[in-house]
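# Examining the three-dimensional arrangement
Here are the chains, one letter per residue:
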Amino acid sequence: MDQSLYAAVGGRDVVAEAVRRLYDRMLTDPVVAGAFVDVDLRRLRGHMQAFLAGSLGGEVEYDGRDLRTAHASVHITDDMFDRTVSHLVDTLGALGCEPDVTDEVVVRLAALRDQVVTPIGTVGRDLGNA
Ligand code: HEM
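Thresholds applied
Residues numbered from 1 in each chain as written. Predicted model: local features only at pLDDT ≥ 70, side-chain atom pairs only at ≥ 80, totals over all residues. Heavy atoms only, no water. Near = heavy atom within 4 Å. Polar contact = N/O pair within 3.5 Å; in protein donor to acceptor, adjacent residues only side chain to side chain. Helix = DSSP H or I, 4+ residues; strand = E, 2+ residues; numbered from the N terminus. Salt bridge = Lys/Arg side-chain N within 4 Å of Asp/Glu carboxyl O. Buried < 20%, exposed > 50% of the residue type's maximum accessible area, 1.4 Å probe, protein only.

Neighbouring the ligand are 23 residues, the closest being Leu44, His47, Arg65, His71 and Thr84. Taking Arg43, its side chain carries an N or O atom lying 3.4 Å from an oxygen atom of the ligand. Where the shell around the ligand is concerned, the elements lending two or more residues are α3 (41–55), α4 (67–71) and α5 (78–94). Looking at which element gives the most residues to the shell around the ligand, the answer is α3, with five residues.

What follows deals with the pattern of salt bridges. Between side chains of opposite charge, a pair can form when the charged atoms approach closely. Inspection of every chain in the model, using the stated rule, returns eight salt bridges. A salt bridge links Arg113 to Asp78, with the shortest nitrogen-to-oxygen separation between them at 2.7 Å. Of this pair, Arg113 sits in helix α7 (residues 113–116) while Asp78 sits in helix α5, placing them 35 residues apart in sequence. A salt bridge links Glu104 to Arg108, with the nearest nitrogen and oxygen atoms 3.6 Å apart. Linking Glu104 with Arg108, this pair stays in helix α6 (residues 99–110), spanning four residues, or about one helical turn. By relative accessible area, Arg108 is classed as buried at 18%. Several salt bridges converge on common partners, so that one network encompasses Glu17, Arg20 and Arg21.

So this is what it looks like as C-alpha cells:
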C-alpha cells in the first residue's frame, strides 16, 4: 500500500487527533454511543490510531485483533457503520483534509464494512437452534 494517502491526510499527528475527536463524537451520538459502554477507550483509541494509519498506508505496527474478531460481540448495524464513517469524514474536514483525500479514506473504510457489521440474522439469536 502506498504512503501517499497517509501523508495527504497529514500523517501521524492528524490521524491521532482525528481518532481522539472521532471517539468524542461517537460517545455523544446516541446511535453508536451504547457500543462503547465498558470499553477501555484509551486502549481502543491506540488500536484505532494504529489500524487507521496502517489502512492509509502509514508504516505503523497494529497489534490488535483482526476486525471481525474485535467486533464480533459488539452487534454493529450498517447504520452504525455509516454514522462512524460520517463522523470521521466531518472530523477530517474540520482538521483541514481536502475532500478528495477524505473521499479516498472513505473508500478504504468502506472495504472493511463486512468485517465490522454483524451479519443480519445473528443478532440476539441462537443460530444453533434456528
Ligand atoms: C471502518 C470502521 C472501523 C474500524 C477500522 C474499527 C477499528 C477497530 C479497532 C482497530 C479496534 C480494536 C481491536 C482490538 O482492540 O483488538 C476496534 C474495537 C472496537 N470497535 Fe471498531 N472499528 C470500526 C467500526 C466500528 C463501529 C461502527 C463501532 C460501533 C459503533 C465500533 C465499535 C468498537 C468497539 C465497541 C470496540 C471494542 C471491542 C472490545 O474491546 O471488546 N467499531 N475497532
